Amino acid sequence: MEFSQILFQAHSGVRWLVVLMTLVALVWMLVGLLQQRAYDQTARRVMLAFSIVVSLQWLLGVILFVVQGDFSSGYRWEHAITLTIAVAVSHLHNRWKNAPDAVRYRNNLLIIVAVLVLVFIGVARLPQGWS
């Protein structure tokens, strides 16, 4: 198996970690907001893990993009740019370190939803889309 195939398989596999961590983060932030919990170390770690797995997925994708060397495909550029924006958005939780707990939970929920929308758009731009 050549290196680009290994990268492609890793990129395809890590998506399930992204899905799992997104679900965990979504539920954790929603419950925290609805139950008016204090924004504690666990909430911080959940958002950190969320942004890390999104970033890991992006990094594997960028490496794959460079290794494959097909820079003329418009859909690949659209996918890469859209997911780069998703990574940036996933790290925005750091902007509200000093905000009240409810604001942090709400903003983190908005971040997660925005990342989900960007990922949906980014994957839909690929020829195989969601199939």
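Scroll up a little and you will see the structure.
Reading guide: rules and limits
- Residues numbered from 1 in each chain as written.
- Predicted model: local features only at pLDDT ≥ 70, side-chain atom pairs only at ≥ 80, totals over all residues.
- Heavy atoms only, no water.
- Phe/Tyr/Trp six-rings, centres within 6.5 Å; stacked < 30°, edge-to-face > 60°.
- Buried < 20%, exposed > 50% of the residue type's maximum accessible area, 1.4 Å probe, protein only.
- Lys NZ or Arg CZ within 6 Å of the ring centre and 35° of its normal.
- Helix = DSSP H or I, 4+ residues; strand = E, 2+ residues; numbered from the N terminus.
- Expected span 1.5 Å × (residues − 1).
- Core = buried A, V, L, I, M, F, W, Y, C linked by side-chain atoms within 4.5 Å.
- Contact = heavy atoms within 4.5 Å.
- Salt bridge = Lys/Arg side-chain N within 4 Å of Asp/Glu carboxyl O.

### Re the packing of aromatic side chains
Consideration 1: Applying the stated rule across the entire model yields four aromatic pairs.
Consideration 2: Between Phe65 and Phe71, the aromatic rings sit 5.3 Å apart at their centres with planes inclined by 80 degrees, giving edge-to-face as the arrangement.
Consideration 3: The partly exposed category is assigned to Phe71, whose relative accessible area is 42%.
Consideration 4: Taken together, a centroid distance of 6.4 Å and an interplanar angle of 45 degrees make the contact between Phe71 and Trp77 tilted.
Consideration 5: Every member of this aromatic cluster is reached through a ring pair, and the members are Phe65, Phe71 and Trp77.
Consideration 6: Note that Arg37 overlies the ring of Trp28, its terminal NZ or CZ placed 5.3 Å from the centroid.

### Some words on helix H2 (residues 41-68)
Consideration 1: For H2, with 28 residues, the first-to-last C-alpha span of 40 Å sits near the 40 Å given by 1.5 Å per residue.
Consideration 2: A positive backbone phi angle near 70 degrees is found at Gly69, which sits one or two residues after H2.

### Quick notes on unusual backbone geometry
Consideration 1: Phi at Gln36 is positive, roughly 50 degrees, even though this residue is not glycine.
Consideration 2: Relative to the elements of secondary structure, Gln36 occurs in the loop between helix H1 (3-34) and H2.

### Quick look at the nonpolar core
Consideration 1: Membership of the largest hydrophobic core comes to 25 residues, with the highest contact counts inside it found for Met29, Met47, Phe50 and Val115.
Consideration 2: Only H1, H2, helix H3 (74-90) and helix H4 (101-124) provide two or more residues apiece to this core.
Consideration 3: When neighbours within four sequence positions are excluded, Phe50 is seen to be in contact with Met21, Thr22, Ala25, Ser90, Ile111, Ile112 and Val115.

### With respect to the pattern of salt bridges
Consideration 1: Summed over the entire model, instances satisfying the criterion amount to two salt bridges.
Consideration 2: Arg76 serves as the salt-bridge partner of Asp70, at 3.5 Å between the closest nitrogen and oxygen.
Consideration 3: For Arg125, the salt bridge is made with Glu78, and the minimal N-O distance between the two is 2.5 Å. Taken as a pair, Arg125 in the segment after H4 and Glu78 in helix H3 lie far apart in primary sequence, 47 residues in all.
Consideration 4: Here Arg125 falls in the partly exposed class, since its relative accessible area comes to 41%.

### Digging into H4
Consideration 1: Relative to the 34 Å expected for 24 residues at 1.5 Å per residue, H4 spans 35 Å between its end C-alpha atoms, a close match to the ideal helical length.
Consideration 2: All of the buried residues along H4 are Arg104, Tyr105, Asn107, Asn108, Leu109, Ile111, Ile112, Val115, Leu118, Gly122 and Val123.
Consideration 3: Where H4 is buried, its residues contact H1, H2 and H3.

### Things to note about the environment of Val31
Consideration 1: Considering the arrangement of structural elements, one finds Val31 in helix H1.
Consideration 2: In the structure, Val31 is positioned 74 residues away from Tyr105 in sequence and 9.0 Å away in space, judged by C-alpha atoms.
Consideration 3: Once you skip the residues sitting within four places of it in the chain, Val31 turns out to touch Gln36 and Arg37.

The analysis is restricted to geometry; functional conclusions fall outside its scope.
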